[in-house]
Amino acid sequence: MLDVLGLEPDDERVYRALVKRPTSTATLLSDLLAVPRAHVDKALSRLVEWGLAIGTADERFTAAPPAVAFGALITQRRDGLRMAEQALVALAEEHRAAMTGNSIDDLIEVVTGRDAIRHRFLQVQQAARTQVRTFITAPFLAVPPDENTAEPMAIGRGVHFRAVLDRAVLAEPGIIADAVDSLRNGVLLRVADRLPMKLVLADADLGLVPLAVTPAGEPGAVLLHRSGLLDALDALFETVWRTAHPLELSGAGTEADSTVEVGVEGPTDLDRRILALLLAGLTDQTTAAQLGVSPRTLHRRLRHLMDMAGVRTRMQLGGHAVRHGWAEPLPGPTR
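Residues numbered from 1 in each chain as written. Predicted model: local features only at pLDDT ≥ 70, side-chain atom pairs only at ≥ 80, totals over all residues. Heavy atoms only, no water.

## Considering the pairing of strand S6 (residues 160–166)
We count it as follows: Whether a residue is buried, partly exposed or exposed follows from its accessible area with a 1.4 Å probe, protein chains only, as a fraction of its type maximum: under 20%, in between, or over 50%, in that order. In this description a helix means any DSSP run of H or I spanning at least four residues, a strand means any run of E spanning at least two, and both kinds are numbered starting from the N terminus. What makes two strands pair is DSSP finding at least two bridges between them. Crossovers are marked right-handed if the path from the first strand over the helix to the second runs clockwise, as seen with the strands pointing away from the viewer.
Most of S6 is tucked away, with six of its seven residues classed as buried. Sheet topology note: the strand S5 (residues 131–136)/S6 ladder contains six bridges and is parallel. Looking at S6, one finds that Val132 is bridged to Phe161. One ladder, built from five bridges, connects S6 with strand S7 (residues 188–192); its direction is parallel. Residue pairing in the sheet places Ala163 in a bridge with Leu189 of S7. Note that the unit made of S6, helix H7 (residues 175–184) and S7 has a crossover that is right-handed.

Next comes the structure, spelled out in structure tokens:
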């Protein structure tokens, strides 16, 4: 019970024995407690040092009055704890000041200007060891997808890429060809109805978040290092990824109306691309423009696909396409 005051078990046992038998010798206490004499001698030495026992010239010991002896010891301990609390407050204040003074600057870097953002965008991907995750939205202020030179280099060293595209991005010129190239290189793509921001994450260590354009017309961004905010962005990406629609394209290229042929046993390469884009939410006009065909050709292909599937509506066609793998990509080049 008295160990909270710093007493060892032998100290407490010897003190309790002295309370009951004042003026006891070490030998008597050793026999009474069945404790080796050396242990009793050490306990008596500590009790005398702390003022809990009084020794006489003839080597007899008496316990100091408990109320007086332990009252003083408890007061000392209480004062020590109070000083420790004060020291803790001071240390906590020093830690807070250090975090707000230096560490925050180390966790967040403000980047201004297209060239600076482009440089950081490439650096983040170059720093990735296992994976890069991105939100892609329009407009492309600093680095258009076809100018992302860091992506193929990172893929070459084994980094996995996952990207979620804002649906509006699919209407951007040339984006479908770039998406096909990325898919062929092993990038996983999904489409969301609307993304909250642009975002690049390298593993769980770095994040680049483009911000609004400054009054002077220069874009801004923040580079985040490992922190609670970066953890939140990590969770945001994974949440959006789970609900986004997978984008699967069979190949790039632009097919003129004269080259469109009817598939005998199933949908053609062009049919698959049409279905993939429509399932991703693109309009007929945008899909036709991206694939280089006329709206009339697209409607003819859709009519043929509905006849082939034995359905009457596009919704039924979409369900049939998903169930039978019509929107899945055809085998393409491998790395």
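Now that the structure is up, let's keep going.
## Comments concerning the confidence of the model for the chain
Heads up, the condition is: Per-residue confidence from the prediction method is given by pLDDT, with values spanning 0 to 100. We call two residues contacting when some pair of their heavy atoms lies within 4.5 Å.
Of all residues in the chain, 80% attain a pLDDT of 70 or more, and the chain-wide mean is 78. Low pLDDT, under 50, characterises residues 250–264; the predicted model gives this stretch 39 contacts beyond four residues in sequence or across chains. For residues 330–335, every residue scores under 50 in pLDDT, and the model assigns this stretch eight contacts once sequence neighbours within four places are set aside.

## Details of the packing of aromatic side chains
Our working definition: Stacked, tilted and edge-to-face are the three classes applied to pairs of Phe, Tyr and Trp rings, where Trp contributes its six-membered ring and a pair requires centres within 6.5 Å; stacked means planes under 30 degrees apart, edge-to-face means over 60, and tilted covers the rest.
The tally for this structure, following the rule as stated, stands at two aromatic pairs. Relative to Phe237, the ring of Phe135 lies with its centre 5.3 Å away and its plane at 25 degrees, an arrangement referred to as stacked. Pair noted here: Phe135 is in strand S5 and Phe237 is in helix H8 (residues 228–243), with a separation of 102 residues, a long-range link. Of the residues examined, Phe237 reaches a relative accessible area of 0% and is grouped as buried.

## Focus on the nonpolar core
This is how it is decided: Residues belong to one nonpolar core when they are buried, are Ala, Val, Leu, Ile, Met, Phe, Trp, Tyr or Cys, and are joined through side-chain atoms within 4.5 Å. Segmentation of the chain into domains, including their bounds, is taken from an automatic or database domain assignment.
Grouped together as the largest cluster of nonpolar side chains are 49 residues, with contacts concentrated most on Leu170 and Leu317. No other element matches the five residues that helix H11 (residues 295–309) contributes to this core. Counting only domains with at least three residues in this core, you end up with domain 2 (108–246) and domain 3 (269–324). Those residues in contact with Leu170 that lie beyond four places of it in its chain are Leu165, Ile175, Ile176, Val191, Leu247, Ala280, Leu282, Thr286 and Gln290. The next biggest cluster of nonpolar side chains, apart from the first, holds 19 residues, and it includes Leu7, Ala43, Phe61 and Phe70.

## What to know about H7
Helical geometry: 3.6 residues make up each α-helical turn, so side chains three or four residues apart lie on a common side. Restricting attention to buried positions, one finds in H7 the residues Ile175, Ile176, Asp178, Ala179, Val180 and Ser182. In this structure, the buried side of H7 is in contact with helix H6 (150–156), S6, S7, helix H9 (269–279) and helix H10 (284–291). Of the residues flanking the end of H7, it is Gly186, one or two places downstream, whose phi is positive at about 100 degrees.

## Considering the pairing of S5
Looking at chain direction, S5 and strand S8 (residues 199–202) are connected through four bridges and run antiparallel. Among the inter-strand pairings, Thr134 is bridged to a residue of S8, identified as Val200.

## Here we look at the pattern of salt bridges
The test is simple: Throughout this description, the term salt bridge denotes a Lys or Arg side-chain nitrogen within 4 Å of a carboxyl oxygen of Asp or Glu.
Taken as a whole and judged by the stated rule, the model has 14 salt bridges. Among the ionic pairs, Arg167 bridges to Asp193, the shortest N-O distance being 2.5 Å. Placement of the pair is Arg167 in the loop between S6 and H7 and Asp193 in the loop between S7 and S8, with a sequence separation of 26 residues. For Arg303, the salt bridge identified is with Asp307, shortest N-O distance 3.2 Å. Of the two residues, Arg303 and Asp307 are both situated in helix H11; the distance of four residues between them amounts to about one turn of the helix.

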